[in-house]
Structures are given as structure tokens and as C-alpha cells.
Amino acid sequence: MKKLFYSIPLLSVVVLGSSFKGIETKSTDSSAVKESPFFAVIDGVAFDKKDNKYEARIKDGSTAEVILYGNDVKDKSGQYNPQTIGVEFAIYDGVVGLAPGSKVSFEFNKQKFLGNPSSTELLIKKAVLSADHKSMTISADFKSQVEKQQTTSDDYLSSLSINGSVENITIAVPASLQNSAASWK
């Protein structure tokens, strides 16, 4: 009888507990993450990518610029504003490691945040020029503390931490640089 007395409340707790819907969590498919050409985390929150859209170009003979596009953000007035992360760094064919002079920027809801040079680190993992010198494939990891530009001395200086990665992004080499691309090494 004592066992029955303790088993009924225990059974009711189990039945009652199983009737509640648990907190649903999304598991990230690791293959989808690997296939994505980039990802970024801003202050611990994943960058809201816009269909993996990005632009990559070579600004001059040795500087690459990659712009990562996020979904547009709706402001209080109902206007949609772009959200982007910009990464700029020196590249050389086959040279991997820390890229000095790298820059990171973030634009969110018409606010520009620029990377603090002392906190910006970009590690090039791959920089391979194609055989015909028409493109370069790059992979890199970056991190930076970005700060909001101050327009007046009364503005609050806000700061955000950005960490991210670009994987196997192909950058077209402009025709004007294709002949000089062999000297990038």
C-alpha cells in the first residue's frame, strides 16, 4: 500500500511533466555551415546573413575587400536600412598568416562602426591565384572590436565585438592587374 501511495504522485508528476512542450532548439546542420562562404558573430549574436550574399574585389594589386551582406533592418519610422560587414586586407599569392593593416567595419541601421586597429586581427588561411591569373580564392578568419563613429563630443561611444570567417571566396582579378598578378608572390 505504501508503494502505491508513493507511485501515484510520482506517476502523475511524470505524466504532467511530459504534457508540457519543451523549449525547442534549432540544431545547426554542420554541412550547411561548411557550405556557407562566410559567417560572423557580433557580440555573441550570429550575423543575420542575406542568402550568403557577398561582394569580393581587389582594390589594388595587393588589397582585397570583402563585403558581407545581412538582411535589411527596419527602423522606428518603417524604413529598411542595410546591414553589412566590410573586411579589407592585404593579399599575396600563397602567403598565409596574419595580415597586417587589416580593417573591419560594420554598418547597422545607418550607423557606421569602424574597427579599432589595435584590436583587429585577420588570419589568412588560403590565398591561391588561379593559373590564368583571372581570380584568386581566399579563406580567412577575422576578429575586431568595432566602435561607432562619433559625430559630436556628446555622442556615446559604443563598441561591438565581431568575429568571423570567409571560406573559399573567389575574387575576380581586374584585367588591368592580371599581368602584374604574377609578381604578387
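None of these values were measured; they are calculated from a predicted model.

Colleague: What's the story with the overall build of the protein in this structure? I'm lost.
Modeller: Helix and strand content of the protein: 3 helices and 11 strands. Element order for the protein, N to C, with α for helix and β for strand: α-α-β-β-β-β-β-β-β-β-β-β-β-α. The buried share of the protein, taken over its 185 residues, is 31%. Partitioning the contacts of the protein with sequence separation of at least 6, the portion at a separation of at least 24 is 55%. When the accessible surface of the protein is summed, it comes to about 12100 Å², and 55% of that surface belongs to carbon and sulfur atoms.

Colleague: Help me out: how do you make sense of the pattern of salt bridges in this one?
Modeller: Applying the stated criterion across every chain yields a total of 5 salt bridges. Ionic pairing is found between E167 and K125, a salt bridge with its closest N-O pair at 2.5 Å. Here E167, found in strand β11 (residues 159-172), pairs with K125, found in strand β9 (residues 121-129); they are 42 residues apart in sequence, far enough to count as distant. For E167, a relative accessible area of 29% puts it in the partly exposed group. Each member of the salt-bridge network shares a partner with another, and the members are K125, D141 and E167.

Colleague: Honestly, the environment of S102 in this entry has me stumped. Any pointers?
Modeller: Assignment of secondary structure puts S102 in the loop between β6 (97-98) and β7 (103-108). Judged by relative accessible area, S102 falls into the buried class, the value being 10%. Sequence spacing of S102 and V87 is 15 residues, and the spatial spacing of their C-alpha atoms is 7.4 Å. Setting aside residues up to four positions removed in sequence, S102 forms contacts with E88, F89, T120 and L122. A polar contact is formed between the side chain of S102 and the backbone oxygen of A99, at a distance of 2.7 Å.

Colleague: Before we go on, may I ask you to explain the nonpolar core in this structure?
Modeller: Ranked by size, the top nonpolar core spans 32 residues in total, and within it I85, F89, F106, I138 and F142 carry the most contacts. Contributions of two or more residues to this core are made by β1 (38-42), β4 (63-74), β5 (80-90), β7, β9, β10 (135-148) and β11. For F89, the contacting residues outside a window of four places in its chain are S62, T63, A64, V66, A99, S102, L122, I124 and I138.

Colleague: Teacher, can you tell me more about the packing of aromatic side chains here?
Modeller: Within a pair of aromatic rings, the relevant descriptors are the distance that separates the centres and the angle that separates the planes. All told, the structure shown has 3 aromatic pairs when counted by the stated rule. Summarising the aromatic geometry, the rings of F38 and Y54 are spaced 6.4 Å apart at their centres and angled 80° between planes, so their arrangement reads as edge-to-face. Of the two residues, F38 is situated in strand β1 and Y54 in strand β3 (residues 49-60); the sequence distance between them amounts to 16 residues. Here the aromatic rings of F106 and F108 are separated by 6.0 Å at their centres, their planes lie at 20°, and the arrangement is stacked. When its relative accessible area of 30% is taken as the criterion, F108 is described as partly exposed.

Calculation rules
Residue positions are given per chain, counted from 1 along the sequence in the order it is written. In keeping with the model being predicted, local features are shown solely for residues with a pLDDT of at least 70 and side-chain atom pairs are shown and tallied solely at 80 or more, while totals for entire chains, interfaces and linings include all residues. To obtain the side-chain values, all non-hydrogen atoms of the structure were used and water was disregarded. Numbering of helices and strands starts at the N terminus; helices are DSSP runs of H or I of at least 4 residues and strands are runs of E of at least 2. Between buried and exposed lies partly exposed: a residue is buried under 20% and exposed over 50% of the maximum accessible area for its type, with that area taken using a 1.4 Å probe on protein chains only. Residues are treated as being in contact if the distance between any of their heavy atoms lies within 4.5 Å. Note on areas: Shrake-Rupley with a 1.4 Å probe; residue coverage comes only from the protein chains shown. Only one rule defines a salt bridge in this text: a Lys or Arg side-chain nitrogen within 4 Å of an Asp or Glu carboxyl oxygen. Each polar contact in these results corresponds to two N or O atoms within 3.5 Å; when the atoms are within protein, one needs to be able to donate a hydrogen and the other to accept it, and residues that are neighboring in sequence are counted only if both atoms are side-chain atoms. Nonpolar core, defined: a set of buried Ala, Val, Leu, Ile, Met, Phe, Trp, Tyr and Cys residues in which side-chain atoms within 4.5 Å join the residues together. The criterion for an aromatic pair is that two Phe, Tyr or Trp rings (for Trp, the six-membered ring) have centres within 6.5 Å, with stacked assigned to planes under 30 degrees apart, edge-to-face to planes over 60 apart and tilted to the rest.

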